[in-house]
Amino acid sequence: MTVEVAVVLGAAALAGVIALGLWMRVLARKLTAVPASGNLIEAVRRLDEDLSAVEAAIAQLQPAVASLMDRMPGAIRHSAVVAYDAHGDMAGRLSRSVALLNERGDGLVFTLLTARAESVFFTKMVRRGRGTEVLSPEEQTAVDRALGR
């Protein structure tokens, strides 16, 4: 036998050993799915019990999720603040209008007008993005910013 033939046969044998090693790894991974006891019926029964427990937990959460979904439209989803000089005699834009609105555009506008000697605070209702009474330009700006307009 020549050296070349021996090298080819050795390379073929090495390739065969590597292929068998890889095949053994694949089989070993497949066998890890089989329980150590070999009892597949018991393993399936345990999986069914686990699934039943998960289904029961989901059933217990459903009323809480339904309650949250019912209350979600009323939650504050949009807000904006507008700072300005209400009286023109003060620098620093110390007056504020704050809009707090839900997803329907309902909510309140809080306004704080600040002057040198006093501050005045009041609120106005907002329905569907419009004041239930006349909004000042700054209050309307706060509502528009909150709603992304």
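Model, not experiment: these values are computed from the prediction.

Here's the deal with the overall build of the chain
In terms of helices and strands, the chain carries three helices and five strands. Helices and strands appear in the chain in the N-to-C order α-α-β-β-β-β-β-α. If you line up the chain on its principal axes, its C-alpha atoms span 110 × 50 × 25 Å. A buried classification covers 17% of the 149 residues belonging to the chain.

Digging into the nonpolar core
Formed by Ala80, Val82, Tyr84, Ala99, Leu101, Val109, Val126, Leu135, Ala142, Val143 and Ala146, the largest nonpolar core amounts to eleven residues. Those elements that place two or more of their residues in this core are β1 (78–84), β2 (95–101) and α3 (137–146). In this structure, Leu101 is in contact with Ala75, Ile76, Arg77, His78, Asp106, Gly107, Leu108, Val126, Val143, Ala146 and Leu147, ignoring residues within four places of it in sequence.

Section: the pattern of salt bridges
Under the definition given, this model contains five salt bridges. Its salt-bridge partner being Arg77, residue Glu103 comes within 3.2 Å of it at the nearest N-O pair. On the criterion of sequence distance, the pair formed by Glu103 in the loop between β2 and β3 (107–114) and Arg77 in the loop between α2 (40–71) and β1 is long-range, its members being 26 residues apart. Under the relative-accessibility criterion, Glu103 is labelled partly exposed at 42%. Measuring nitrogen to oxygen at the nearest pair gives 3.2 Å for the salt bridge that ties Asp144 to Arg149. The exposure class of Asp144 is partly exposed, given its relative accessible area of 23%. A residue is classified by how much of its surface remains accessible, and Arg149, at 52% relative accessible area, is exposed.

Considerations on the confidence of the model for the chain
Put simply, the chain has an average pLDDT of 85, and 91% of its residues get 70 or more. The element-level mean pLDDT for the chain is lowest in helix α1 (residues 3–31), coming to 75, with α3 highest at 96.

Cut-off values and rules
- Here the residue numbers are simple positions, counted from 1 along each chain's written sequence.
- At least 70 in pLDDT is required for a residue's local features to be given in this predicted model, at least 80 for side-chain atom pairs to be given and counted, and no such filter applies to totals for whole chains, interfaces and linings, which use all residues.
- Where side-chain values are given, they derive from all heavy atoms of the structure, hydrogens and water being excluded.
- The numbering of helices and of strands both runs from the N terminus, where a helix is a DSSP run of H or I of at least 4 residues and a strand a run of E of at least 2.
- Per-residue accessibility, obtained with a 1.4 Å probe over protein chains only, is compared with the maximum for each type, and a residue is labelled buried under 20%, exposed over 50%, and partly exposed between these values.
- We call a set of buried Ala, Val, Leu, Ile, Met, Phe, Trp, Tyr and Cys residues a nonpolar core when their side-chain atoms join them within 4.5 Å.
- The contact criterion used is simple: two residues touch if any of their non-hydrogen atoms lie within 4.5 Å.
- Any Lys or Arg side-chain nitrogen found within 4 Å of a carboxyl oxygen on Asp or Glu counts as a salt bridge.
- Note: pLDDT gives the predictor's confidence per residue, expressed from 0 to 100.

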